[in-house]
Amino acid sequence: QVLLVESGGGLVQTGGSLKLSCATSGRTISNYQLAWFRQAPGKEREFVASISRSGGTTYNTDSIKGRFTISRDNAKNTAYLQINSLKPEDTAVYYCAASSNNGGEYDYWGQGTQVTVSS
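Residues numbered from 1 in each chain as written. Predicted model: local features only at pLDDT ≥ 70, side-chain atom pairs only at ≥ 80, totals over all residues. Heavy atoms only, no water.

Some words on the overall build of the chain
Inference 1: What the chain contains, in helices and strands, is zero helices and eleven strands.
Inference 2: Ordering the α and β elements of the chain from the N terminus gives β-β-β-β-β-β-β-β-β-β-β.
Inference 3: The C-alpha atoms of the chain give 13 Å as radius of gyration, which agrees with the globular expectation for 119 residues (14 Å, within 12%).
Inference 4: Here the chain holds 119 residues, and 43% of them are scored as buried.
Inference 5: In the chain, 55% of the contacts between residues at least 6 apart in sequence involve partners at least 24 apart. (Helix = DSSP H or I, 4+ residues; strand = E, 2+ residues; numbered from the N terminus. Rg over C-alpha atoms; globule rule 2.2 N^0.38 Å. Buried < 20%, exposed > 50% of the residue type's maximum accessible area, 1.4 Å probe, protein only. Contact = heavy atoms within 4.5 Å.)

Written as structure tokens, this is what we have:
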């Protein structure tokens, strides 16, 4: 069992920045690929970014490239999502997830943290 707890969300103005954190506990987190997803009001949950077990490989969806950066610190059992140049369309609940099979399926999910961007 892996427990994921997101934090760092909030209300920011357009153009602002936030750094989301995903604290993990339970099994050795270096055995899991980690990712961030988001779900905007009235929309389906969408993939944002992922990071490999060692942190050496990252993948971002095209819509956020250049603005979002995923990272992890396995020694601290924590993953991060740095979000810059926020836009109103980034408003969503952001979720952290862990995969034991390189992203084929995400086995564990956090409860989410709300990001709201005002125009």
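That covers the picture; the talk isn't over yet.
Overview of the state of the cysteines
A covalent bond between the sulfur atoms of two cysteines is what we call a disulfide.
Inference 1: For the structure on display, the rule yields one disulfide.
Inference 2: The side chain of Cys22 participates in a disulfide bridge whose partner is Cys96; the two sulfur atoms lie 2.1 Å from each other. Between Cys22 and Cys96, the S-S torsion sits near -80 degrees, and that sign places the bridge as left-handed. Of this pair, Cys22 sits in strand β3 (residues 18-26) while Cys96 sits in strand β9 (residues 92-99), and the two are 74 residues apart along the sequence.
Inference 3: Classification of Cys22 as buried rests on a relative accessible area of 0%. (Disulfide = S-S within 2.5 Å.)

Digging into unusual backbone geometry
Inference 1: Of note, the phi angle at Asn77 is positive, near 55 degrees, even though the residue is not glycine.
Inference 2: Its relative accessible area of 33% is what places Asn77 among the partly exposed residues.
Inference 3: Unusually for a residue other than glycine, Ser85 sits at a positive phi of about 50 degrees.
Inference 4: Along the polypeptide, Ser85 turns up in the loop between β8 (78-83) and β9.
Inference 5: The exposure class of Ser85 is partly exposed, given its relative accessible area of 41%.

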